[in-house]
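# Fold and geometry: a report
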Amino acid sequence: MTRPSSLRGLPSVDKILQAFVDFPVPRPIITQTVRAVLKEFRQSNSVPAHNAVIKEVEHRLNQLRLRPIQRVLNGTGILAHTNLGRTPLASKAIEAITSVASGYSNLEYDVEQGARGGRALYLEDSLALLCGAEAATVVNNCAAALVLLLRQFATGSRTEVLISRSELIQIGGGFRIPDILAATGAKLREVGTTNKTTLQDYAQGITPNTGLILKVHQSNFFMEGFVESVPTEALAKLAHEHSLPCIEDLGSGAVISTNCHAQIEHEPTPEEVLRRGVDLVCFSGDKLFGGPQAGIIAGKREYIALLKKAPFYRALRCDKLILAALQATVDIYLEATGGERERALDQLPLVSMLRQTYEQLLLRAQRLAQSHASLPAQIYAGQGKSQIGGGTLPRSTLLSATLDIVPHAISVDELAQRLRLNVPPVIGYIAGGVYKLDLRTIFPEQESELSDALHHALAPRPEPAAS
Ligand SMILES: *Cc1c(COP(=O)(O)O)cnc(C)c1O
């Protein structure tokens, strides 16, 4: 029934396809795109020239080519940028992934016994050591850790979770603590007010149906003024007097003293929180921890054992590549002791970026500005503020050096777009009419790629033919 479109003056699918044999997109996707374009021309009753069809298909394929997950250069200065994949991994973690991915592994095999073995036991012991905990385990992400914890401890006749109204927070795009609690079947028992919650509020909120006391670190905002919260020690003591577990969701997962490495606030570490009497703590693997996406739970051995026995645990467990990367990341922390500690920690890109001083970055910005002076733009070293990102340390910004660009012939918006369309895409930001690239999040080894992108984006282009 279908007539070849060429009968109606439109070029055939095959004819158009010939123009894209070398295009780096799978063939069926090209075919689908060609069909879609031809259909639209047909529906609009226009009979375009062969070249017009080719141009439209090429335009769409170029757009498509940007969509697969790929490396980008992060000039935003946001270190753990959730939209840009949070933290880059350490070389050792990447090597571990490559090694485990390229063959078989002892994922659940006890090489010594020649028999089935436990999964990630070495990693769990290392994580426990790092967190000063009796035991630890790891799941898909921190949200999954929360779900697992709530399903375990807010269940049966004890479904209530005691939580302060000041901690019913939203994290990132639409992830709200109250929603996730409700989704697990747990019942929220809010105590206190937005700005003040006392120990007595918690004590009065405890009923025979209480399953646990949950503390959520206010990671992405802060309150000032007429505020009061309960010291963790007192909260844990209250929980234990009622034989309840006290659990803290830390989110960011800093295991080093952040304030010792940069001029930012101190972020509580899992070890500190556990020392204050909390039974279990959970945090993300890919925020300040600087590892792959994961949710780490550390604390009391008996509780960790219960979690690992839960049927739901299986649905949340990590893939072997993640386990390999996380293991390598934990090893770096554990090895980083003594006089070489700082340099050892620099193996973690996140820590290394944190530790860069403004002066170091400024030198790079000045050098880059100088080596691009011939481009048709004003290019100079500027200042910016790096942020931690990933919803952590909202008050902490780091003075940073930027490469600032004001093009002569095109707008800054046009420059931003051209750089985004580069391969690899370059993501900067615009402030006060200037295009800025924060050099804290662009690695020195990416500078030659950046340079290529700048030359390409700022090179004069032929005027688009009037149509
Ligand atoms: C970021 C964050 C989470 C979610 O962590 P994911 O690893 O992204 O699932 C949960 N709780 C807190 C307090 C957070 O900051």
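Everything in this summary refers to the structure shown in the same document.

Thresholds applied
- Residues numbered from 1 in each chain as written.
- Predicted model: local features only at pLDDT ≥ 70, side-chain atom pairs only at ≥ 80, totals over all residues.
- Heavy atoms only, no water.
- Helix = DSSP H or I, 4+ residues; strand = E, 2+ residues; numbered from the N terminus.
- Buried < 20%, exposed > 50% of the residue type's maximum accessible area, 1.4 Å probe, protein only.
- Contact = heavy atoms within 4.5 Å.
- Areas by Shrake-Rupley, 256 points an atom, 1.4 Å probe, with all protein chains shown as cover.
- Expected span 1.5 Å × (residues − 1).
- Arc of directions from axis to C-beta.
- Phe/Tyr/Trp six-rings, centres within 6.5 Å; stacked < 30°, edge-to-face > 60°.
- Pairing = 2+ DSSP bridges.
- Axes fitted to C-alpha atoms, helices over the stretch in contact; angles between N-to-C directions.

The next point concerns the overall build of the protein. Assigned secondary structure in the protein consists of 19 helices and 17 strands. Counting across all 467 residues of the protein, residues that qualify as buried make up 47%. The long-range fraction of contacts in the protein, counting pairs at least 24 apart against all pairs at least 6 apart in sequence, stands at 73%. For the protein, the accessible area works out to roughly 23300 Å², and carbon and sulfur atoms hold 51% of it.

Okay, helix H2 (residues 27-43) next. Helical geometry note: an α-helix holds 3.6 residues per turn, so side chains three or four residues apart project in the same direction. Taking 1.5 Å of rise per residue, the 17 residues of H2 would be expected to cover 24 Å, and the 24 Å separating its terminal C-alpha atoms lies within 8% of that figure. Residues Ile 30, Thr 31, Thr 33, Val 34, Val 37, Leu 38 and Phe 41 constitute the buried set of H2. For H2, the arc enclosing every buried residue in end-on projection is 165 degrees, short of the 170-degree limit, so these residues lie on one face. Those residues of H2 that are exposed and aimed more than 90 degrees away from the buried face are Pro 28, Gln 32, Arg 35 and Gln 43.

As a further point, take the packing of aromatic side chains. If you walk through the whole model with that rule in mind, you get four aromatic pairs. Here Phe 153 and Tyr 303 contribute two aromatic rings whose centre-to-centre distance is 5.1 Å and whose plane-to-plane angle is 80 degrees, an arrangement assigned as edge-to-face. Of this pair, Phe 153 sits in helix H6 (residues 142-153) while Tyr 303 sits in helix H12 (residues 301-309); the two residues are 150 residues apart in sequence, bridging distant segments of the chain. A relative accessible area of 15% means that Tyr 303 is categorised as buried.

The four strands are arranged E13-E14-E17-E16 in an open sheet whose pairing can be described as antiparallel. Across the chains shown, the open sheet's two edge strands, defined by having one partner strand only, are strand E13 (377-389) and strand E16 (429-431). Direction aside, the axes of adjacent strands within the sheet are offset by 40 degrees on average. Relative to strand E17 (residues 434-438), E16 runs antiparallel, the two sharing three bridges. Its bridge partner lying in E17, Ile 430 is registered against Tyr 435.

So, about the pairing of strand E11 (residues 280-284). Here E11 lies mainly inside the structure; five of its five residues are buried. Here E11 shows no split at all, with Leu 280, Cys 282 and Ser 284 on one side and Val 281 and Phe 283 on the other all buried. Relative to E11, strand E10 (residues 246-251) runs parallel, the two sharing four bridges. Residue pairing across strands places Gly 251 opposite Phe 283, the latter belonging to E11. Of the strand pairs in this sheet, E11 and strand E12 (residues 295-299) are connected by five bridges, and their pairing is antiparallel.

With that out of the way, let us pick up the sheet that holds strand E4 (residues 135-139). Pairing is mixed in the open sheet, where seven strands are placed in the order E4-E12-E11-E10-E9-E5-E8. Looking at strand neighbours, the two that pair on one side only are E4 and strand E8 (187-191), the edges of this open sheet. For this sheet, the mean inter-axis angle between neighbouring strands, taken without regard to orientation, is 25 degrees. With four bridges joining them, strand E9 (residues 210-216) and E10 adopt parallel strand pairing. Paired with Lys 215 across the strands is Glu 248, a residue of E10. Most of the contacts of H6 go to E11, to which it runs at about 155 degrees, and overall it touches E4, strand E5 (160-164), E9, E10, E11 and E12.

So far we have only geometry, and geometry alone does not tell us how the molecule works.
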